[in-house]
Structures are given as structure tokens and as C-alpha cells.
Amino acid sequence: MKTHFTLVIAGLTVVTAMIFFGCKGKDDNNTPNNNKEKVNNIPVDTALKARLKDFAQRPRPEGKFAFHVYDLTADKPVYGCNDTLALPSASCMKLLSGVAGLHLLGCDYHYWTAVFMRGNVGDDGTLNGDIAFKAGLDPQLMAPDLNVFAKKLKAKGIRKVKGKVIVDLTITEPVKSEEHWYPWDLTFSKYGLFYKGKDRVAKALKASMRGQGIAVADSQMTAGQTTRDFRCLHVERRQVDDVVKRMWKNSSNTQATAMLYTIGNKVNPKGNPVTEGVAYLRKFLAEDLGMTTKGLTIHDGCGLCTYNCLSPLALTTVLRYGYDDPKIRASLERNLAVAGVDGTLAREMTGSKTRGKIRAKTGTLSHPYGISSLAGFCEASNGHTLAFAIMDSEMSVLDARVLQRKLCEALVK
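These remarks concern the structure in this document. Counting restarts for each chain: residues are numbered from 1 in the order of the written sequence. The predicted nature of this model means local features are confined to residues of pLDDT at least 70 and side-chain atom pairs, given and counted, to a pLDDT of 80 or more, with totals for whole chains, interfaces and linings taken over all residues. Hydrogens are left out, water is left out, and the side-chain values use all remaining heavy atoms of the structure.

Next up on the list: helix H4 (residues 147-155). A simple rule labels every residue: compare its accessible area, found with a 1.4 Å probe on the protein chains alone, to the largest value its type can have, and call it buried under 20%, exposed over 50%, or partly exposed in between. Note on conventions: DSSP H or I runs of at least 4 residues are helices, E runs of at least 2 residues are strands, and numbering of each starts at the N terminus. Along H4, the residues that are buried comprise Phe149, Ala150 and Leu153. Angular distribution of buried residues about the axis of H4 spans 100 degrees; they occupy a single face of the element. Elements that come into contact with the buried residues of H4 comprise strand E4 (110-121), strand E5 (126-135), helix H5 (198-211) and strand E9 (231-239). One or two positions beyond H4, positive phi appears at Gly157, with a value near 90 degrees. Directions pointing from the helix axis toward each C-beta atom define the arc. Contacts are assigned to residue pairs that have any heavy atoms within 4.5 Å of one another.

In C-alpha cells form, the structure reads like this:
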């Protein structure tokens, strides 16, 4: 009897243990699934969906029209109309190049420019050695900004250079128009100094040094590389966020082109920065975003080329990708134009329904015929964050902007 009782107790212990550990394992396994199911069960606003459906079916001007809305809070699409149709993107291309650039470079990336020297300065102020000026791809540094470097040389007591002044550049040729840009689209004078070619940089550096009383002959200016025996005198840094801000909030084509150069140089420092940059954007669109729909086309990073084509779905996917990265999301929130407040939307959607409630990137081309797009974020009436994109072409830009405003009003109602 004692043996039988012992076996029974042992059996009950095993069964109890199996039940306990079995339930514990089941709970552990189900917890993530339950959480995920709970998140995925957040509903989209049916009233919003109905408004968007009504908006899509209303009479509108002739032309190509498409939009897509995605609920980021619920992580579900809300509604789309022709949302996979590839249409000219105009400056909404800057969303792709900006997000891709921040992903590749990092949101903490800095452009930097520096001046170096080697040798000793004599009592008469003669540098018995060389100066090296090393430049990256900072798109906001202009010729007058070189004075700060010349002043640093002067502060070291340099009044004359006996050796060489080496100009060490990342790119040596001036920026060129993309083959499909219209002639007036390349405003060369607005580009940063480092995008104007080696001769312009050398000329500006020489003028700054002479302006500070440092004697340097034309024959001393030479292209070359900064070697390890140079010591750094001064560095100027610029955050990539400063470039992205002008790209998005002010729709700067020069800053977006510079971003393309920066991407290309990062991918392959020895390659053509434009070619490498465009190749990376295409790869990012296809591989990182999963956008492989036929017709999606990238020719530049700024959107001036009328052959650039994205879809509303592709644009909201770019926004979703950026939103999922906390640092890129913060950049989007800071740097997109705000309806009725600043940037390219300062005079758009100024009414009480939309003012301050829409953060978006505009895109407009008036040639060959009206092309207009708008993509960004807003908070819906139910508190959910929405990503949206609307694209119009072959219609009046004014008509397109009316459609954009009506869509945004439907989103925030």
C-alpha cells in the first residue's frame, strides 16, 4: 500500500508539473501573439474611410488623380484611389532622397570642412611649409565663409606661405544639370561653393587669404591630398539636419542635389556621385521599401526631372519607413512644412480646419503641364496619426491644390 501510495503521489506530482509548466509555456508563447493581435485589432475610422470614398467619387477636373491614406496608429491602410499608379512626383521625390539619405548616413551625420598646416612659422610671419584646405560636400558653405579659415591662419602669425596651398576636394567638377531638366532649373549661383568646381574654390580661398593679409601667389595654389603630417587648425561642421530642413520645408533643389551627391559619395567614393546616388535610391525603393511596381522611376534626388515617377502608395511607404525610425521620425516632424505656418505650405490651407494640422512635402512642376503632389502626416479626429499622399498631373496646379486641400480637410474632420 505504501509503495502504491508513493507511486500515486509521484504520478500526481509529474502531472501537476506538466500542467504547470505546460500552461506557463503556453502563456509565454501566446503573450507576444496576443499583444500583436491587440495592436492589429485597433480599428481604422470607418467614418474617415467613408469620407475618403466619397472624396474619390466626386466630380473633379480632368487629369490623372491618385491618393493613398495609411493609419500609422492602427498600422493599416485606410483608403486608396489609383494608389499604385506611377505619376510624376515633382519635389515629393525629396522625401525619398531625404529618408534614404538619413537611413544611409545616420541622423547624426555631419559635413565638415577644415584647414591644416605643416612646417613652422618664422619670426617674419613666413610659413616654412604648406597649407591644406580639405573640403567635403557641405552644400551651405559659400565663398565668404572661407574668411573664418583665413582668420585662423592669420591668428597663427602666418603672413606669407613659402610652400604650397593644397586644395583637397571631394568633387572637382561643377554640378551639372540632369539631362531632362529644363535649362532654367539649374540655378548655378545658388549652389554651395564646393559644387562650383575646383577653380572657383581655389579662387575663393586665395581671395580670403589675401583679404587677411596673407601673401600667396597663384602658382602656389595646387590640387592634392591632405597627408598625415599636416596638423589641423580649424574645423567647421554642419549637421545633415540643416540640409534636410531646407530640402523638405523649403523644397530646395540645391540641397536635395547635394544630398544625392552625399549619398553617392558614401556608397562609392571613387564613383560618379550622381550615378551612384540614383542607383542607391532605386535600390532603397525596391529592397528596403519593397516598392517594385512597374513604372516607378528615379532620375534625380530633387524631383526636377519630369520623368521621375512615384505612386501615392510608394510615398506613404517612404513616410511609414521614416516614421518607424525614431530619429528619422523626429526629423520629419521638425522639418516638413506646416500648413498655414511655414515653408512651402505657409500660404496653403490657412483655414481653421487645416492650419497647423498638416505636416507635408509639396511638389509642383508647371511644365510640360500641371504636376502637383502632396505627401505627409496629420492627426485624424480620432487621435490616430495618418500618412497620406495625393498626386495629380495633366491638370491645372490650382485645381490640384484644391483637391489637396479637400483631402486634408477630410482627413482631419
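The subject of this paragraph is the pairing of E4. Between any two strands, pairing holds if DSSP finds at least two bridges. Where E4 and E9 come together, 8 bridges link them in antiparallel fashion. Within E9, the residue paired with Val115 across the bridge is His234. When E4 meets E5, the two strands line up antiparallel, connected through 9 bridges. Its bridge partner lying in E5, Asn120 is registered against Asn128. The turn joining E4 and E5, which pair antiparallel and follow one another in sequence, is formed by 4 residues; a positive phi near 85 degrees is taken by Gly125.

Below, the discussion takes up unusual backbone geometry. In this structure, Asp75 is a non-glycine residue whose phi angle is positive, near 55 degrees. Looking at the secondary structure, you find Asp75 in the loop between strand E1 (64-71) and strand E2 (76-81). Looking at Asp75, the relative accessible area reads 41%, which means it is partly exposed. Although it is not a glycine, Glu394 adopts a positive phi angle of roughly 60 degrees. Within the element layout of this structure, Glu394 appears in the loop between strand E14 (385-393) and helix H11 (397-412).

Moving on to the sheet that holds E1. Strands sit in the order E2-E1-E14-E13-E12-E11 across an open sheet of 6 strands; the sheet is antiparallel. A strand with exactly one partner marks an edge of an open sheet, and here the two such strands are E2 and strand E11 (337-338). Here 5 bridges tie E1 to E2, and the two strands are oriented antiparallel to one another. From the neighbouring strand, Tyr70 faces E2, where its bridge partner is Pro77.

Let us look at the pattern of salt bridges. We define a salt bridge as a contact between a side-chain nitrogen of Lys or Arg and a carboxyl oxygen of Asp or Glu at a distance within 4 Å. Throughout the structure, instances matching the rule amount to 14 salt bridges. Across the pair Asp342 and Lys249 runs a salt bridge whose closest N-O atoms are separated by 3.1 Å. Of this pair, Asp342 sits in the loop between E11 and strand E12 (358-365) while Lys249 sits in the loop between helix H6 (240-248) and helix H7 (253-267), and the two are 93 residues apart along the sequence. Taking relative accessible area as the criterion, Asp342 reaches 24% and is therefore assigned partly exposed. Here Lys249 falls in the buried class, since its relative accessible area comes to 7%. Among the ionic contacts, a cluster of salt bridges with common partners joins Arg118, Asp130 and Asp229.

All we've got here are geometric facts, nothing functional implied.
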